[in-house]
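Each chain, letter by letter, is given below.
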Amino acid sequence: MLHSEWKTILIGSFICVAVCYSFMSCYSSTFYKKIPAGRLNHSQLLVKQGNANFEQRINVFVVSLLFSITNHRILIAATLLAIGVNFALLALQ
């Protein structure tokens, strides 16, 4: 059974997960711990090393946010969050 506002729940979940993922990617050096340096762009490498300035961190945030629709981890997390919120809202009715 789906909540009557299931589309809004799904879109809101995706936005929430994408923004959180982007914040983690631009502020956490441990986010890139298992990713080899050859696969990172210059700004991501500086974030990994801890030498990134504010402009480079904003660059990483925006790029992560723009390409979040292609990231399967974000899509899976958003779907699971939307399912949980859907059932929670149905239980409250």
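These remarks concern the structure in this document. Values in this document were obtained by computation on a predicted structure and should not be read as measured data.

## Section: the overall build of the protein chain
Moving on, step 1. Counting secondary structure elements, the protein chain contains four helices and zero strands.
Moving on, step 2. Element order for the protein chain, N to C, with α for helix and β for strand: α-α-α-α.
Moving on, step 3. By principal-axis analysis of the C-alpha atoms, the protein chain measures approximately 50 × 25 × 20 Å.
Moving on, step 4. Sorting the 93 residues of the protein chain into buried and exposed places 30% on the buried side.
Moving on, step 5. Residue pairs in contact within the protein chain that sit at least 24 positions apart in sequence constitute 59% of those at least 6 positions apart.
Moving on, step 6. Approximately 6400 Å² of the protein chain is accessible, and the part contributed by carbon and sulfur atoms is 68%.

## A few points about the state of the cysteines
Moving on, step 1. Applying the stated criterion to the full structure yields zero disulfides.
Moving on, step 2. C16 forms no disulfide, and the closest cysteine sulfur to it belongs to C20, at a distance of 4.4 Å.
Moving on, step 3. Take C20: its relative accessible area is 41%, and that puts it in the partly exposed class.

## Some remarks on the layout of surface pockets
Moving on, step 1. Approximately 420 Å³ is the volume found for the largest pocket.
Moving on, step 2. Y21, F31, I35, Q44 and N71 are the residues nearest the centre of the largest pocket, which is lined by 16 residues in total.
Moving on, step 3. Breaking the lining of the largest pocket down by element, the ones donating at least two residues are α1 (6–27), α3 (54–66) and α4 (72–92).

## Brief notes about the side chain of R57
Moving on, step 1. With respect to the helices, strands and loops of the structure, R57 is situated in helix α3.
Moving on, step 2. The charged side chain of R57 is buried without a salt bridge, its nearest counter-charge being E55 at 12 Å.
Moving on, step 3. In terms of polar contacts, R57 uses its side chain to reach the backbone carbonyl oxygen of C26, at 2.8 Å.
Moving on, step 4. In contact with R57, not counting residues within four places along its chain, are C26, Y27, V47, G50 and A52.

## Remarks on the packing of α1 against α4
Moving on, step 1. Relative to each other, α1 and α4 sit at 135°, their axes nearing to 8 Å. It follows from the interaxial angle that α1 and α4 lie oblique. Taken as a pair, α1 and α4 cross one another with a handedness that is right-handed. Across the interface between the two elements, I9, L10, S13, F14, V17, A18 and Y21 of α1 pack against I74, L75, A77, A78, L81, A82, V85, N86 and L89 of α4.
Moving on, step 2. Split into classes, the residues belonging to the contact of α1 with α4 amount to 14 nonpolar, two polar and no charged.

Basis of the calculations
- Residues numbered from 1 in each chain as written.
- Predicted model: local features only at pLDDT ≥ 70, side-chain atom pairs only at ≥ 80, totals over all residues.
- Heavy atoms only, no water.
- Helix = DSSP H or I, 4+ residues; strand = E, 2+ residues; numbered from the N terminus.
- Buried < 20%, exposed > 50% of the residue type's maximum accessible area, 1.4 Å probe, protein only.
- Contact = heavy atoms within 4.5 Å.
- Areas by Shrake-Rupley, 256 points an atom, 1.4 Å probe, with all protein chains shown as cover.
- Disulfide = S-S within 2.5 Å.
- 1 Å grid on protein atoms, 1.4 Å probe; cavity = no way out; pocket = protein on both sides within 12 Å on 5 of 7 lines; lining within 4 Å.
- Points joined across faces, edges and corners; volume = space filled by probe spheres on them.
- Lys, Arg positive; Asp, Glu negative; His and termini not counted.
- Salt bridge = Lys/Arg side-chain N within 4 Å of Asp/Glu carboxyl O.
- Polar contact = N/O pair within 3.5 Å; in protein donor to acceptor, adjacent residues only side chain to side chain.
- Axes fitted to C-alpha atoms, helices over the stretch in contact; angles between N-to-C directions.
- Parallel < 35°, antiparallel > 145°, perpendicular 65-115°, else oblique.
- Left-handed = near helix turned anticlockwise from the far one by under 90°.
- Nonpolar A, V, L, I, M, F, W, Y, C, P; charged D, E, K, R; others polar.

Purely geometric numbers; function is a separate question.
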